[in-house]
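What the coordinates show
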Amino acid sequence: MEARCPRCSNVFTTDRSGIQFCPHCGQQIDVPVPPGGGWGAGAAGGSGAGRFSGEPPPGGTPGALPGGRDLTPWERRREVGVVKGFFETWKLTIASPQTFFRTVRPDVPWTEALFWAWIIHAINVVLSLPLLGLGLSTLMLPQNLPSNPNVSPEQMAAVMKVVTAAFGIGPVLGSLILYPLLAIIGAAVMHLVAMIIGAGKNGWGATMRAYCYASGPYVFSFIPCVGLLAWIYALVLRIFGMMGIQETDGFKATVSVLLPWVLLCCCGAAAALGFGSLIAGLAGAGSGSRSF
Amino acid sequence: MTLTWTPRERRFGFLHALGLTGLSGLLVARFVPVARLPIWHCVFREHTGWPCPGCGLTRAADGLVHGRFGFAFASNPLGALAGCLFAFAAVVAVAQYAFRLSLPMPVPSAREARLGRMGLVMALVANYAFVIVQTRAGLR
């Protein structure tokens with residue numbers, strides 16, 4: 001069928017209704033359902049359509065878009081079940097990211113992906129708490145404890161254990177609340193770079209979905225040292241995500257994902273923090289087993 | 001270049017994400033003494049004596065949020081300009097969300113986009129040259 005873009009007024013041919021991008025001006029537009037129309041109308045809808053609902057788009061059973069794009073299992077959770085939808089999506093992102101991201105639709109509300117990534121982060125936080133409680137964050141505090149004649153070394157060690165646990169748990173719990181903000185900031189920076197180098201043709205929502213669905217490896221980031229590998233794999237997944245959802249090449253996707261980190265490393269902060277955390281983690285794990 | 005208008009709707013988009021990013025960054029610059037943190041230093045400059053392209057960004061952000069615009073632009077002109085644009089994005093994003101404003105959206109042609117990218121690269125090079133001259137001349 002033919003549709004007219006309400007913004008640039010150009011007419012183009014499409015084989016579906018619903019939210020899509022004008023091939024002339026690149027703007028996201030909502031093509032109305034033709035008489036006796038298909039299911040896709042309003043799949044992304046307005047500001048709240050499909051938000052955290054897991055409902056398939058109105059109008060019938062969701063089918064694949066041209067190019068094999070379809071809703072993720074998580075976005076079909078009303079149909080397949082919440083746990084299965086969540087786990088299937090996680091499995092796909094981890095095990096076959098290239099295939100998965102090539103089939104993710106860019107036009108579904110990004111809040112669905114954010115919700116999924118938030119749960120991943122929550123799982124990581126819950127799994128981190130016992131380790132933090134064991135005092136594995138001692139690396140962040142001085143190892144030479146101040147001596148006090150009124151307090152025995154055992155008591156001081158116990159106090160320090162509580163302090164370090166709180167020192168680690170506080171930021172972790174804070175990150176749970178702030179996760180959506182941090183994800184939006186991360187994706188905004190990534191999309192800004194993508195736009196500058198011409199790799200953001202499917203819009204901000206697509207970048208946000210790539211960013212969030214690449215969070216799968218963070219489930220393992222509570223494990224000391226493995227956390228670093230999980231972070232690296234998440235970066236790799238973001239590159240696949242940008243390639244698949246934004247339909248760009250590997251070079252542009254890599255630049256979009258890595259350039260912000262390179263700039264951060266220029267400032268020295270990220271490198272210092274990352275390296276410091278690694279060394280501190282190793283030292284903390286060692287001292288933890290010795291002291292506690 | 002084609003000028004299009006965004007729909008009059010309350011929908012969180014890229015502009016709002018940029019505004020939120022800018023607001024968060026400027027709030028951190030205002031209330032957290034980042035430059036005084038022991039980990040906050042330029043490894044590149046420490047080892048080579050030459051500044052990196054990002055040197056001066058912290059000072060620029062700090063200058064902006066404390067109203068010392070001259071200092072901000074002298075520290076890193078492009079960084080200060082980016083900070084101003086982030087702040088502008090935050091204001092426009094709030095206004096758009098509150099009043100459902102329709103905003104103009106310029107869509108450049110392929111040639112214009114290429115020229116824009118070239119201009120950005122040149123601006124980055126010029127900014128880096130400015131930072132290097134300032135540092136090597138001992139102005140900071």
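For the structure, check the block above.
The structure contained in this document is the topic of the report that follows. Bear in mind that the values here come from a model prediction, so they are computed numbers and not experimental data.

**Comments concerning the overall build of chain B**
Summing up its helical and strand segments, chain B has six helices and two strands in all. Walking chain B from its N terminus toward its C terminus, one meets helices and strands in the order β-α-α-α-α-α-β-α. Taken along the three principal axes of its C-alpha coordinates, chain B extends 50 × 40 × 25 Å. Here chain B holds 140 residues, and 29% of them are scored as buried. Split by element, the accessible area of chain B, about 8,400 Å² in all, is 72% carbon and sulfur. Side-chain charges of chain B comprise 14 positive and 4 negative groups, with the mean position of each set lying 3 Å from the other.

**What to know about helix α7 (residues 226-245) of chain A**
Between the first and last C-alpha of α7(A) there are 28 Å, a value that for 20 residues agrees with the 28 Å anticipated at 1.5 Å per step. Taken as a whole, α7(A) has its buried residues at A:G227, A:A230, A:A234, A:L235, A:L237, A:R238, A:I239, A:G241, A:M242, A:G244 and A:I245.

**So, a nonpolar patch on the surface**
Nonpolar side chains collect at one region of the surface, where B:L23, B:L27, B:V28, B:F31 and B:V32 lie side by side and expose about 460 Å² of accessible area between them. Assignment of secondary structure puts B:L23 in helix α1 (residues 14-31).

**Re the nonpolar core**
Grouped together as the largest cluster of nonpolar side chains are 44 residues, with contacts concentrated most on A:F101, A:W116, A:W204 and A:M208. Listed by contribution, the elements that provide at least two residues to this core are α2 (82-95), α3 (97-103), α4 (110-133), α5 (153-196), α6 (204-213), α7 and α8 (250-267) of chain A together with α1 of chain B. The residues touching A:F101, leaving out its near neighbours within four places in the chain, are A:R69, A:A210, A:Y213, A:A214, A:L237, A:F240, A:G241, A:G244 and A:I245. Core analysis: the next-biggest nonpolar cluster, separate from the first, contains six residues, A:A3, A:C5, A:F12 and A:V31 among them.

**Some details on the side chain of B:T6**
All names here are of chain B. With respect to the helices and strands, T6 occurs in the loop between β1 (2-5) and α1. Polar contacts involving the side chain of T6 include one to the main-chain amide nitrogen of L103, which spans 2.8 Å. Residue contacts for T6: discarding those within four places in its chain leaves L101, S102, L103 and M105.

**Comments concerning α6(A)**
Since there are 3.6 residues in each turn of an α-helix, residues three or four apart along the chain are aligned in direction. Of all 10 residues in α6(A), 10 are buried; the element is thus mostly enclosed. Residues of α6(A) that are buried: A:W204, A:G205, A:A206, A:T207, A:M208, A:R209, A:A210, A:Y211, A:C212 and A:Y213.

**A word on unusual backbone geometry**
Residue and element names in this part refer to chain A. Here E247, not a glycine, exhibits a phi torsion of approximately 55°, which is positive. Along the polypeptide, E247 turns up in the loop between α7 and α8. Accessibility expressed as a relative area gives 40% for E247, which makes it partly exposed.

**Quick notes on the environment of A:L178**
Residues and elements named next belong to chain A. Within the secondary structure, L178 sits in helix α5. With a relative accessible area of 44%, L178 lands in the partly exposed category. For the pair L178 and W118, spaced 60 residues apart in sequence, the C-alpha separation works out to 9.9 Å.

**Things to note about the packing of aromatic side chains**
What characterises a pair of aromatic rings is the spacing of the ring centres plus the angle enclosed by the ring planes. Under the counting rule described, the total for this entry stands at 12 aromatic pairs over all chains. Arranged with centres 6.0 Å apart and planes meeting at 80°, the rings of A:W74 and A:F86 form a pair that is edge-to-face. Of this pair, A:W74 sits in the loop between β4 (28-31) and α1 (77-80) while A:F86 sits in helix α2, and the two are 12 residues apart along the sequence. The two residues A:W74 and A:F86 agree in class, both being buried. Ring geometry for A:W231 and A:W261: centres 5.0 Å apart, planes at 80°, overall edge-to-face. Here A:W231 is found in helix α7, whereas its partner A:W261 is found in helix α8, with 30 residues between them in sequence. The class of A:W231 is partly exposed, set by a relative accessible area of 27%. Among the aromatic residues, those joined into a ring-pair cluster are A:W74, A:F86, A:F100, A:F101, A:F115, A:W116 and A:Y213. Above the plane of the ring of A:W74 lies A:R77, whose end atom (NZ or CZ) is 4.1 Å from the centre. Positioned above the aromatic ring of B:F31, the side-chain terminus of B:R30 is 5.1 Å from the ring centre.

Rules used in this analysis
- Residues numbered from 1 in each chain as written.
- Chains lettered and ligands numbered in written order.
- Predicted model: local features only at pLDDT ≥ 70, side-chain atom pairs only at ≥ 80, totals over all residues.
- Heavy atoms only, no water.
- Helix = DSSP H or I, 4+ residues; strand = E, 2+ residues; numbered from the N terminus.
- Buried < 20%, exposed > 50% of the residue type's maximum accessible area, 1.4 Å probe, protein only.
- Areas by Shrake-Rupley, 256 points an atom, 1.4 Å probe, with all protein chains shown as cover.
- Lys, Arg positive; Asp, Glu negative; His and termini not counted.
- Charge placed at Lys NZ, Arg CZ, Asp CG, Glu CD.
- Expected span 1.5 Å × (residues − 1).
- Patch = residues over 30% accessible without salt bridge, like charges linked within 9 Å, V, L, I, M, F, W, Y side chains within 5 Å.
- Salt bridge = Lys/Arg side-chain N within 4 Å of Asp/Glu carboxyl O.
- Core = buried A, V, L, I, M, F, W, Y, C linked by side-chain atoms within 4.5 Å.
- Contact = heavy atoms within 4.5 Å.
- Polar contact = N/O pair within 3.5 Å; in protein donor to acceptor, adjacent residues only side chain to side chain.
- Phe/Tyr/Trp six-rings, centres within 6.5 Å; stacked < 30°, edge-to-face > 60°.
- Lys NZ or Arg CZ within 6 Å of the ring centre and 35° of its normal.

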